[in-house]
Amino acid sequence: MGRAFREGVEKHRKINMRVKPKQWKPLDDLKGLTSRTQQTKLTMGPLQEVPAMVRIEEEHWIFERISQEVLTQLTHRLVIHKPSGTEAIGGTLDLQTAVEVARRMAQKNGQVVMIEPL
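Residues numbered from 1 in each chain as written. Predicted model: local features only at pLDDT ≥ 70, side-chain atom pairs only at ≥ 80, totals over all residues. Heavy atoms only, no water.

Peer 1: I keep staring at helix α5 (residues 95–109) and nothing clicks. Help me out?
Peer 2: Residue pairs three or four apart in sequence face the same way in an α-helix, which turns once every 3.6 residues. In this model α5 runs 21 Å from its N-terminal to its C-terminal C-alpha over 15 residues, within 8% of the 21 Å that 1.5 Å per residue would give. Within α5 the residues assigned to the buried category are Ala98, Val101, Ala102 and Met105. Buried positions in α5, seen along its axis, are confined to an arc of 100 degrees and lie on one side of it. Among the exposed residues of α5, those oriented more than 90 degrees off its buried face are Gln96, Gln107 and Lys108. A positive phi of about 70 degrees marks Gly110, the residue just after α5. (Helix = DSSP H or I, 4+ residues; strand = E, 2+ residues; numbered from the N terminus. Expected span 1.5 Å × (residues − 1). Buried < 20%, exposed > 50% of the residue type's maximum accessible area, 1.4 Å probe, protein only. Arc of directions from axis to C-beta.)

Peer 1: Please clarify how the sheet that holds strand β4 (residues 85–92) should be interpreted in this entry.
Peer 2: The pairing of strands in a sheet comes from backbone hydrogen bonds and takes either a parallel or an antiparallel form. Strand order in the open sheet formed by 3 strands is β4-β3-β5, and the pairing between neighbours is antiparallel. Because the sheet does not close on itself, it has two edges, and the strands there are β4 and β5 (113–117). The mean angle between the axes of side-by-side strands here comes to 30 degrees, regardless of whether they run parallel or antiparallel. Pairing geometry for strand β3 (residues 76–82) and β5, over 5 bridges, is antiparallel. (Pairing = 2+ DSSP bridges. Axes fitted to C-alpha atoms, helices over the stretch in contact; angles between N-to-C directions.)

Peer 1: Just to check I follow, could you spell out the pairing of β3 for this structure?
Peer 2: Successive side chains on a regular strand alternate, one facing one side of the sheet and the next facing the other. Looking at chain direction, β3 and β4 are connected through 7 bridges and run antiparallel. Bridged to Leu78 within β4 is Gly90. Linking two consecutive strands that pair antiparallel, namely β3 and β4, is a turn of 2 residues.

Geometric values such as these leave the question of function open.
As structure tokens, then:
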């Protein structure tokens, strides 16, 4: 036994094996998740833009969805001017509400709101 360790294994008795490096493919692990996401997206259908309306009640902002009937009844649009351009922040059903929202934004945020008739 001692001689085997001292002299080693004879050349013709050695086993030659190539060592394969492990290939780590993290994107293959995500293929199942990606395919499920794509299938879910197809079943959901196209994206729809949902307009929102903001009301102020007792110092709280309340966000609501607007039906097409309400959109046709809007009379004034509230617009803020920014360095990047103008931004419409909402619409109102009457001039009195538009003036009230513009006044409160001027007092609380220091922003000037332009009221445009529709």
